[in-house]
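# Inside the fold
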Amino acid sequence: MNIKNYIKNEWLNILQVACRYYLAYQMFAYAFAKIFKTQFDLGPVYLADEAIDHFNGFMLTWNYFGYSRTYGLIIAALQILIGLLLLFRKTMRAGVILFLSMISNIVLINYFYEIDGAMLFSVILMILGLFLLFSEWRSYAKLFFKTDSKEASVSTLLPEKFKKLYWSKLLLIPLMLFFAFSYIKDIKTKYLKDHELNGIWKATSTSSDRYFKLFMGSHQQLKIKDFFDNFYYGQYVLNETEKTLKINAKCYTETGAFIVQDSIDKLDVSEENLKSIRTDIIAHYNKERNSLPYDTLFNYELKKDTLILKNDSLQLQLVNITKNYRH
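Basis of the calculations
- Residues numbered from 1 in each chain as written.
- Predicted model: local features only at pLDDT ≥ 70, side-chain atom pairs only at ≥ 80, totals over all residues.
- Heavy atoms only, no water.
- Pairing = 2+ DSSP bridges.
- Helix = DSSP H or I, 4+ residues; strand = E, 2+ residues; numbered from the N terminus.
- Axes fitted to C-alpha atoms, helices over the stretch in contact; angles between N-to-C directions.
- Buried < 20%, exposed > 50% of the residue type's maximum accessible area, 1.4 Å probe, protein only.
- Core = buried A, V, L, I, M, F, W, Y, C linked by side-chain atoms within 4.5 Å.
- Phe/Tyr/Trp six-rings, centres within 6.5 Å; stacked < 30°, edge-to-face > 60°.
- Lys NZ or Arg CZ within 6 Å of the ring centre and 35° of its normal.
- Contact = heavy atoms within 4.5 Å.
- Expected span 1.5 Å × (residues − 1).

A word on the sheet that holds strand β3 (residues 221-226). Paired through their backbone hydrogen bonds, the strands of a sheet run either parallel or antiparallel. Strands sit in the order β1-β2-β3-β4-β5-β6-β7-β8 around a closed barrel of 8 strands; the barrel is antiparallel. If you compare each strand with its neighbour and ignore which way they point, the axes differ by 30 degrees on average.

A negative phi angle characterises most non-glycine residues, just as the trans form characterises most peptide bonds. Backbone geometry places Lys-243, a non-glycine residue, at a positive phi of 60 degrees. For Lys-243, the location among the structural elements is in the loop between β4 (231-239) and β5 (244-250). For Lys-243, a relative accessible area of 35% translates into the label partly exposed.

Tyr-211, Ile-224, Leu-245, Ile-247 and Leu-309 are the most contacted members of the largest nonpolar core, which totals 22 residues. Broken down by secondary-structure element, the contributors of at least two residues to this core are β2 (211-216), β3, β4, β5, β6 (294-303), β7 (306-310) and β8 (315-320). In this structure, Cys-19, Ile-75, Leu-86 and Tyr-140 belong to the second largest nonpolar core, which totals 17 residues.

Applying the stated criterion to the full structure yields 11 aromatic pairs. Between Tyr-64 and Phe-65, the ring centres sit 5.2 Å apart and the planes meet at 75 degrees, which makes this aromatic pair edge-to-face. Residue classification places Phe-65 among the buried residues on the basis of a relative accessible area of 16%. By the ring-pair criterion, three or more aromatic residues cluster together here, those being Tyr-211, Tyr-232, Tyr-294 and Phe-298. One residue, Lys-223, lies across the ring of Phe-215, its end atom 4.5 Å from the ring centre.

Looking at where Lys-202 falls in the secondary structure, it is placed in strand β1 (residues 199-203). If we ignore the near neighbours within four places in the chain, the residues touching Lys-202 are Phe-212, Lys-213, Gln-317, Leu-318, Val-319 and Ile-321.

The next point concerns helix α4 (residues 69-87). Helix length check: α4 (19 residues) gives 27 Å between terminal C-alpha atoms against 27 Å at 1.5 Å per residue, within 8%. Here α4 has its buried residues at Gly-72, Ile-75, Ala-76, Gln-79, Ile-82, Gly-83, Leu-85 and Leu-86.

So, on to the environment of Thr-70. Tracing the chain through its elements places Thr-70 in helix α4. Between the C-alpha atoms of Thr-70 and Ile-35, which are 35 residues apart in sequence, the distance is 9.9 Å.

By themselves, these are just geometric observations and shouldn't be taken as functional.
Pasting the structure below:
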């Protein structure tokens, strides 16, 4: 054996082992960080009395991934598995593939959500993973890109005439792309149509009615905020030809039932009647709070950024605040 190649291979093996063990240790550390909630946990300092539109990329990401405790534990278990796979030579290649799948996603999250503090370290970890991948490139190429004679052959169950046209399977690729594209585009055209009232509208002055803000999405979803900070959810129907807007939304708060929950728990009634009692309490609370459902048909007029809504008993004037919206 050539002494230079021997030394080169020995050094490569040493680097591989050091890299594998280091990445395994980092996977274990990140896993325990999730288990002991030192990761994905913002705590009350960041969350208390903060509106989500004030969150930066780091806060959004940590709040989202920390929402589900179970999800965090599953990720931790996966990271422990990756660490164990990296520790052993026979399972190292599977560990590298799983590791690169995870770390590449983390790098993208860190970059696009502007998590600068973790960006450099995640890139370093990915480079180490790529080193392990390319140092074993021939083995990976054989595993993923080569087939033996049995795998490469056409199924013996197919008639001989079909075997001659086996190349035609390549036609499925553009067909699948076309039908998938057409299907999603049709959904977007049908349900996510943009229109002139799409956005967030705020009342220009306090009136006797409750409308304060209208949130109208492109898929007919509606949210209303009144002057008492109640929120209503529902749908709207827009007719741009006749210039009409049909609004239907209701308040779903269960605050009333929550207030008297101790008394409800002491009632000796069936589960079916208990649901009815809760519904009645919620309806009474909403009535007292003047948070009754909205079910109204308006004629509308749009003048630049100002929306005027009219019907027989009401006229509202709202301004578009979509671009500079804050809660």
